Amino acid sequence: MSTLIVVDQAPYGSWAGREALDMTLSLAAFDQPAALLFIGAGVNWLRQQQAPEGIGQKSLEKNLSAAPIFGVETIMASASDCQRYGLTDANTLAGVVTVDDTKAAMAGYEQVAFAG
Amino acid sequence: MSTLIVVDQAPYGSWAGREALDMTLSLAAFDQPAALLFIGAGVNWLRQQQAPEGIGQKSLEKNLSAAPIFGVETIMASASDCQRYGLTDANTLAGVVTVDDTKAAMAGYEQVAFAG
Amino acid sequence: MTSTPVQTPTLHILNKAPEHSRFAACLGALSPGDVLVLSENAVLALPARRNELPEGTLAVSADLSARGLEEAFAAQSIDYAELVRLTEQHPRIISW
Amino acid sequence: MTSTPVQTPTLHILNKAPEHSRFAACLGALSPGDVLVLSENAVLALPARRNELPEGTLAVSADLSARGLEEAFAAQSIDYAELVRLTEQHPRIISW
Amino acid sequence: MSTTLSYTLVITGAPWASQAPQSALAVARELIQANHRIDRVFLYGEGIHLASALSTPPSDERNWPREWSEFLAEHSIPAVACVASALRRGLVNDAEQARYELPASNLRAPFEIAGLGEWVEGTMKSDRVLYFHGSI
Amino acid sequence: MSTTLSYTLVITGAPWASQAPQSALAVARELIQANHRIDRVFLYGEGIHLASALSTPPSDERNWPREWSEFLAEHSIPAVACVASALRRGLVNDAEQARYELPASNLRAPFEIAGLGEWVEGTMKSDRVLYFHGSI
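The structure presented is a predicted model; accordingly, all values stated were derived computationally and were not measured.

1. Observations regarding the side chain of Thr57 of chain C
Residues and elements named next belong to chain C.
Step number 1: If you trace the backbone, Thr57 turns up in the loop between α2 (45–48) and β3 (58–60).
Step number 2: Taking relative accessible area as the criterion, Thr57 reaches 2% and is therefore assigned buried.
Step number 3: Not counting the four nearest positions on each side in its chain, Thr57 is found in contact with Leu36, Leu38 and Gln76.

Encoded structure:
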């Protein structure tokens, strides 16, 4: 059963992105095919050089970068939303696959869920 | 100190509208000039014949209608948002003043606040 | 890697108000044969954005009634029992 | 009834992402002389909707840094001490 | 269709902040009515507040945590609040109270506290997984 | 400007669902630094969860309820959770526990429980009222 977890909420203003990553890592820990798709303001989770110490939070940047090591098969992001938020190859986390057609990306998974 | 409480959240999907009304009524109870402004999806609080028993909630319709009796000086709604959501004189609570210029409406109050 | 497109018709249950960014994301993800059910705040799209909704869009009756919309949109109204039947018929369900 | 327009310049503190309906509502409520400070998720408007923001828009430094935007938008960045000074200078403040 | 299906319900919206617990309960009742099986209810994120033993709404308002716990007990449906979501947000059972030396516990029976593995099992074994999110 | 002003801070966003308590604490510290007076902190709606005595985040994460309560105690700042918001959402003190015969109380000192009148007084008497909402 392949599962796609979708993140559309901006980083640090809510916990939804972290909780989505936890869900994805849990699936992977149980050897379930799992992937992440970032859309809308959610794509901003993928920017390099996040430094949330000043707001008393921990960066998710390392955790996201390490997700493939823990079995998360793909991290995708909407190409148009990345463009809208000024995310380019130069400032986006390595390993993120941008997709032009998020509808097609979603269609590739048997289950699609949001964290909140 | 005149206060305008603004409601922009849709009815029944969250508690913000109720909590906004409670704030407004509290101001009025202390003889503080208070008014309500509904904008965006919040204008739907003002539709007649709300019957939320089926979702286990209480209607706010009577409380809103009675607000002027308890000293709330004005209930305003964005004219363009009412139009967008199909609210007309025929299906809107009595006593609501539609305003074309919400910016000007807000400017008339010393304090402007949201419930959440 | 399971990237073969799943062609199963999907049941989309959408509870966000039309102004919410996830509302538009849901509309953009609909394929022919999918079923869209509006619940909670999303039923407000019937008076507001009716032309953008696919034909056959359904809405939860209790949520329509709560918001004073049951009479105007009775033709599209379904109760919770019918929503359950739709979940029986659709192995693939997305809750937006 | 206090409906005389208040002409005091207003400090607007906006914490919603640019996709949030309250973001647009805030931009629509700005008058000349008002000050707009973006905080939390709203700082994402700097890369996304810069052209729509009024000249002189400020953003909270800690929120820019958190989201990897401090370097690119340092010119508009203010710390919490400067935010407090803005609240001193503006008796009328709206938190969006 | 008269086949019995199994469901996992995931609730991520809190009572009194969202309509999620209400909608989920309405659907859950119909599932039982239609002879389906609810494998488990999983509370995640803000949804964990549904398992509070201390919620005390005004007497003329519905008490969603109480109604949910009665429904779960009546139909012997397992219900779990995600431990990571719950601890952060101040929802703890007796074991967590003891472990972290907290002044009280506030988990309402029959809800239990467990990990995301319970949710993963739902996605693997239940015929359907339904999510109930907040709407803002 | 070196004049001392008085502030009321209203927090409506919950910890671990919003950034509101963090932003409010950062501003509050600067207000004290700048010799201003904080008349009171008022928790409303979802914001009441900041007054939980049971929040137990992982040890490598900040504990906002604890940091807030330490800050309030250090500077003798009154802090109030709205009673209507709190009771619904399962935040109660000993008095409410006794009155409603609840199994526990979970209000963290020095937070207290009181009505919206405290907020109204803030809007009347404080020079500034700052709101800290959730951002979704």
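2. Digging into the arrangement of the chains
Step number 1: Where the 12 pairs of chains in contact are concerned, the greatest contact count is recorded for chains E and F.
Step number 2: Considering only C-alpha positions, the minimal separation of the non-contacting chain D and chain E is 10 Å.
Step number 3: A minimum C-alpha distance of 10 Å separates chain C and chain F, which share no contact.

3. As for the relation of the copies chain F and chain E
Step number 1: Screw-axis analysis of chain F against chain E gives a translation of 0.0 Å along the axis, an RMSD of 0.0 Å, and a rotation angle of 180 degrees. Such values leave the two copies arranged in the relation of a two-fold axis.
Step number 2: Most of the interface of chain F is mirrored in chain E, where 100% of its interface residues again form contacts.

4. Side note on the sheet that holds strand β4 (residues 77–78) of chain C
All names here are of chain C.
Step number 1: On the basis of which strands lie adjacent, the open sheet formed by five strands has the order β4-β3-β2-β1-β5 and parallel pairing. The sheet is open, and its two edges are formed by β4 and β5 (92–95), each paired on a single side.
Step number 2: In this sheet, strand β2 (residues 35–38) lies alongside strand β1 (residues 10–14) in parallel orientation, the contact comprising four bridges. Considered in β2, the bridge of His12 is made with Leu36.
Step number 3: Against the sheet, helix α1 (residues 21–28) touches β1 and β2, its axis set at about 165 degrees to β1.

5. A few points about the interface of chain E and chain C
When the parts of a complex come together, some accessible area is lost, and that lost area is often taken as the interface size.
Step number 1: In this complex, chain E contributes 19 residues to the contact, which on the side of chain C involves 20 residues.
Step number 2: A combined buried area of about 1600 Å² lies between chain E and chain C, and 52% of that area is made up of carbon and sulfur atoms.
Step number 3: When the area that chain E buries against chain C is broken down by residue, the three leading residues are Gln19, Arg128 and Ser135 of chain E, summing to 31%.
Step number 4: Run the count over chain E and chain C and you get 12 residue pairs in polar contact (both at pLDDT 80 or more).
Step number 5: Of all the secondary-structure elements, those providing two or more residues to the side of chain E that touches chain C are α1 (20–33) and β5 (128–132) of chain E.
Step number 6: Split into classes, the residues belonging to the side of chain E that touches chain C amount to 11 nonpolar, six polar and two charged.

6. Quick notes on the packing of helix α4 (residues 80–89) of chain C against α1 of chain E
Step number 1: Running from amino to carboxyl end, α4 of chain C crosses α1 of chain E at an angle of 75 degrees, the nearest separation of the two axes being 9 Å. The angle between the axes of α4 of chain C and α1 of chain E places the two elements in the roughly perpendicular class. Along the contact surface, α4 of chain C presents Tyr80, Ala81, Leu83 and Val84 of chain C, while α1 of chain E presents Ser23, Ala26, Val27, Glu30 and Leu31 of chain E.
Step number 2: A per-class count over the contact of α4 of chain C with α1 of chain E returns seven nonpolar, one polar and one charged.

7. Here's the deal with unusual backbone geometry
Step number 1: For the peptide bond that leads from Ala109 of chain E to Pro110 of chain E, omega is 0 degrees, which places it in the cis range.
Step number 2: Its place among the elements puts Pro110 of chain E in the loop between α4 (94–100) and β4 (112–114).
Step number 3: Phi at Gln49 of chain B takes a positive value of approximately 65 degrees, unusual for a residue other than glycine.
Step number 4: Examined against the element boundaries, Gln49 of chain B turns out to sit in the loop between β2 (34–38) and α2 (61–66).

8. Quick word on the sheet that holds strand β1 (residues 3–7) of chain A
Residues and elements named next belong to chain A.
Step number 1: One open sheet holds the five strands; their spatial order is β4-β3-β2-β1-β5, and the pairing between them is parallel. For this open sheet the edge positions go to β4 (96–99) and β5 (111–114), each flanked by a neighbour on one side alone. This sheet shows a mean twist of 30 degrees between the axes of neighbouring strands, independent of strand direction.
Step number 2: Pairing analysis gives four bridges linking strand β2 (residues 34–38) to strand β3 (residues 74–78), with the strands arranged parallel. Residue pairing for β3: Leu36 is matched across the bridge by Ile75.

9. Examining the interface of chain F and chain E
Step number 1: The partner chain E presents 24 residues to the 24 residues of chain F that form the contact.
Step number 2: For the chain F and chain E pair, buried surface summed over both sides reaches about 2100 Å², with 60% attributable to carbon and sulfur atoms.
Step number 3: The largest share of the area that chain F buries against chain E comes from Leu54, Thr56 and Arg88 of chain F, three residues that together contribute 34% of it.
Step number 4: Taken together, the links from chain F to chain E amount to two salt bridges.
Step number 5: Applying the counting rule to chain F against chain E returns eight residue pairs in polar contact (both at pLDDT 80 or more).
Step number 6: The residue makeup of the side of chain F that touches chain E, split by class, is 13 nonpolar, seven polar and four charged.

Reading the values: rules and limits
Residues numbered from 1 in each chain as written. Chains lettered and ligands numbered in written order. Predicted model: local features only at pLDDT ≥ 70, side-chain atom pairs only at ≥ 80, totals over all residues. Heavy atoms only, no water. Helix = DSSP H or I, 4+ residues; strand = E, 2+ residues; numbered from the N terminus. Buried < 20%, exposed > 50% of the residue type's maximum accessible area, 1.4 Å probe, protein only. Contact = heavy atoms within 4.5 Å. Least-squares fit on C-alpha atoms with pLDDT ≥ 70 in both. Pairing = 2+ DSSP bridges. Axes fitted to C-alpha atoms, helices over the stretch in contact; angles between N-to-C directions. Buried area = accessible area lost by both parts, 1.4 Å probe. Polar contact = N/O pair within 3.5 Å; in protein donor to acceptor, adjacent residues only side chain to side chain. Nonpolar A, V, L, I, M, F, W, Y, C, P; charged D, E, K, R; others polar. Parallel < 35°, antiparallel > 145°, perpendicular 65-115°, else oblique. Salt bridge = Lys/Arg side-chain N within 4 Å of Asp/Glu carboxyl O.

In short, the description is geometric, and any link to function would need to be established separately.
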